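Fold and geometry: a report
As a plain string of letters, each chain reads:
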Amino acid sequence: MVNRGKLYVVSAPSGAGKTTLVKDVLNRFKTLSYSVSHTTRAPRNNEQQGIDYFFISREEFEEKTGQDYWFEWAEVHGNYYGTSKGFIKTSLDQGKSLILDIDVQGTCEIIKSGLEMVTIFIMPPSIEILSKRLENRGSDSKKVIYTRIENAKIEIAKKNMYQYVVINNDLDKAIEELCSIFKQEMT
Ligand code: 5GP
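Conventions used here
Residues numbered from 1 in each chain as written. Predicted model: local features only at pLDDT ≥ 70, side-chain atom pairs only at ≥ 80, totals over all residues. Heavy atoms only, no water. Helix = DSSP H or I, 4+ residues; strand = E, 2+ residues; numbered from the N terminus. Rg over C-alpha atoms; globule rule 2.2 N^0.38 Å. Buried < 20%, exposed > 50% of the residue type's maximum accessible area, 1.4 Å probe, protein only. Salt bridge = Lys/Arg side-chain N within 4 Å of Asp/Glu carboxyl O. Expected span 1.5 Å × (residues − 1). Contact = heavy atoms within 4.5 Å. Near = heavy atom within 4 Å. Polar contact = N/O pair within 3.5 Å; in protein donor to acceptor, adjacent residues only side chain to side chain. Areas by Shrake-Rupley, 256 points an atom, 1.4 Å probe, with all protein chains shown as cover. Pairing = 2+ DSSP bridges. Axes fitted to C-alpha atoms, helices over the stretch in contact; angles between N-to-C directions.

Let's shift gears to the overall build of the chain. Each helix and strand counted, the chain has 7 helices and 9 strands in total. For the chain, the C-alpha radius of gyration of 16 Å lies close to 16 Å, the compact-globule estimate for 187 residues. Along the three orthogonal principal directions, the C-alpha set of the chain runs to about 50 × 40 × 30 Å. A total of 187 residues make up the chain; the buried ones form 47% of that total.

See the structure below:
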């Protein structure tokens, strides 16, 4: 019999360095796979269809919502984001463990599912540093950055619902901390 896979949920305000940290974890733990989400937002510079996200239209997203397609979904910064229920079920049944990079609303939704999971929140060192990082990224307008900062404040206020909180002040230290959590949870 195959052991069922486990879910690792990682959330962080936009710009907290989550993408870099998650990529590092995936490089170190080869048995983990990344759950590619669907989104209605436009792709950023280097993002690829089916690798970073499945980029779909609002119409398609809403149609899938009507078909009970989502394991969880949420509207974040004015766009829809969702995780395919079929993908999660198939992966877990095949014994594959997955990292889900989803927001706080989505995490709330799946905690209720009762599935075995590990939840991790990545904290930026401060709101000021977060603003700077988003500005330096240069991929979002001032208005979008403002929305993301306001959202970050709401998300940070809910960090205690996660089992682990990692502060990304120093990238190397945050990677070490995150990896030791995965090592501990995977044994
Ligand atoms: P971004 O647009 O910066 O890639 O992501 C914005 C936010 O949406 C991030 O907090 C990210 O974790 C979240 N997100 C990405 N995919 C999903 C998903 O499938 N479901 C939910 N609920 N949030 C997601």
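Let's pick the thread back up.
On to the pattern of salt bridges. Using the criterion set out here, one finds 12 salt bridges in the structure. With its nearest N and O atoms 3.5 Å apart, the salt bridge here joins Glu185 to Lys6. Highlighted residues: Glu185 in helix H7 (residues 171–186) and Lys6 in the segment before strand E1 (7–11), separated in sequence by 179 residues. On the basis of relative accessible area, Glu185 is assigned to the buried category, the value being 18%. Note that Arg58 is salt-bridged to Glu75, the shortest N-O span being 3.5 Å. With Arg58 in helix H2 (residues 58–66) and Glu75 in strand E5 (residues 70–76), the pair connects residues that are 17 residues apart, well separated along the chain.

To continue, consider helix H6 (residues 142–156). Spanning 15 residues, H6 covers 21 Å between terminal C-alpha atoms, matching the ideal 21 Å at 1.5 Å per step. The inward-facing, buried residues of H6 contact strand E6 (79–84), helix H4 (104–111), strand E8 (117–123) and helix H5 (127–137).

Time to look at the site of the ligand. Around the ligand, 19 residues are found, and the nearest of them are Lys18, Ser37, Arg41, Tyr53 and Tyr81. Contact between the ligand and Lys18: an oxygen atom at 2.6 Å from a side-chain N or O atom of the residue. The contact in question runs from an oxygen atom of the ligand to an N or O atom on the side chain of Thr83, over 3.2 Å. When the free accessible area of the ligand is taken as 510 Å², the share hidden by the protein chains comes to 95%.

In terms of residue burial, E5 counts as a mostly covered element, since 5 of its 7 residues are buried. Both E5 and E6 contribute to a ladder of 6 bridges, which runs antiparallel. Opposite Ala74, over in E6, you have Tyr81 as the bridge partner. The antiparallel pairing of E5 with E6 creates a hairpin that spans 2 residues between the two strands, and His77 there sits at a positive phi of about 50 degrees.

A word on the sheet that holds strand E4 (residues 53–55). Taken in spatial order, the 4 strands line up as E4-E3-E6-E5 in an open sheet, and their pairing is mixed. Edge positions in the sheet fall to E4 and E5, since each has one partner strand and no second. Ignoring strand direction, the axes of neighbouring strands in this sheet form an average angle of 25 degrees. Two elements, strand E3 (residues 37–39) and E4, share 3 bridges in a ladder whose sense is parallel. Within E4, the position partnered with Ser37 by the bridge is Tyr53.

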